[in-house]
Amino acid sequence: MLAGRPIRYVKSMGSHASRASTPQTRSVLDSIRRIVQFLRESSREAERRVGLSGAQLFVLRTVAESPGLSLNALAERTRTHQSSVSAVVTRLAREGLVERRTAAGDARRAEIRLSPDGRRRIKSAPRTAQERLVAAVDALSPANRVRLASMLDALVRGMALRIRPDMFFEEPVPRTQKKRPAHA
């Protein structure tokens, strides 16, 4: 299970684990390991220093850079799905680190801003691995980003992964079940 959800695997045509590894395969896997390890260590450091996950700190920093973002704009800036960033914002709001306000010109739109406590919390916070990862991907040429996206999509398809990509090392917000009214 991953974050409370079962991982679904599609049966493959046999085991490929017994094949001899090529230097390129090891290089790819080592690069993935380095990235995952860096993300994990960065999240632990954020937890230790400021009591927030790496994803929460990443969202706080993004809100600090652009106060008043909507959830959709925040998802765009963090390069994640709206539902994933919404779960992080919900946690941050519960902790009193962000505030949701109705936009002045559009009552249907909520704006997200740091609270005074949120501003204090990020002052001493380390830079997150997510920030560095986004910057590194953005620094790639457009052709290389397209190529990397295509190759990673092929890898995900080859692994038959059908899980929603939440933010790194952030548990999804548990869904509350609505109580059914008792019938007398």
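Reading the values: the criteria
Residues numbered from 1 in each chain as written. Predicted model: local features only at pLDDT ≥ 70, side-chain atom pairs only at ≥ 80, totals over all residues. Heavy atoms only, no water. Helix = DSSP H or I, 4+ residues; strand = E, 2+ residues; numbered from the N terminus. Expected span 1.5 Å × (residues − 1). Buried < 20%, exposed > 50% of the residue type's maximum accessible area, 1.4 Å probe, protein only. pLDDT = per-residue confidence, 0-100. Contact = heavy atoms within 4.5 Å. Core = buried A, V, L, I, M, F, W, Y, C linked by side-chain atoms within 4.5 Å.

Visitor: Give a detailed account of helix H2 (residues 54-65), specifying residues and quantitative values.
Guide: Over its 12 residues, H2 extends 16 Å from the first C-alpha to the last, a length consistent with the 16 Å expected when each residue adds 1.5 Å. Across the 12 residues that make up H2, a large majority, 10, are buried. Every buried residue of H2 is accounted for by Gly54, Ala55, Gln56, Leu57, Phe58, Val59, Leu60, Arg61, Thr62 and Val63.

Visitor: Requested: an account of unusual backbone geometry, with residues and values cited.
Guide: Residues other than glycine seldom take positive phi values, yet Arg79 does so here, at roughly 60°. In this fold, Arg79 is placed in the loop between helix H3 (71-78) and helix H4 (82-94). For Ala160, which is not glycine, the phi dihedral falls at a positive 55°. Using a relative accessible area of 11% as the deciding quantity, one classes Ala160 as buried.

Visitor: Describe the confidence of the model for the chain, and please don't skip the residues or the numbers.
Guide: Per-residue pLDDT for the chain averages 82, and the proportion of residues at 70 or more is 79%. Predicted confidence for residues 9-14 stays below pLDDT 50, and this span has four contacts to residues more than four positions away or in other chains. Ignoring residues within four places in sequence, the model shows residues 177-184, a span with pLDDT below 50, making zero contacts including any to other chains.

Visitor: I'd like a rundown of the nonpolar core, residues and numbers included.
Guide: The biggest cluster of nonpolar side chains holds 22 residues, and the ones touching the most others in it are Val59, Leu60, Leu74, Val89, Leu92, Val98 and Ile112. Of all the secondary-structure elements, those providing two or more residues to this core are helix H1 (23-50), H2, H3, H4 and strand S2 (110-114). Here this core takes five residues from H2, the largest share from any one element. Beyond its immediate sequence surroundings of up to four residues, Ile112 is in contact with Val63, Pro67, Gly68, Leu69, Ser70, Leu71, Leu74, Val89, Val98, Glu99 and Arg100.

Visitor: Would you mind going over the side chain of Ser86 in detail, with residue names and values included?
Guide: Assignment of secondary structure puts Ser86 in helix H4. The class for Ser86 is buried, based on a relative accessible area of 18%. Dropping the residues within four chain positions of it, Ser86 is found in contact with Leu71 and Arg100.

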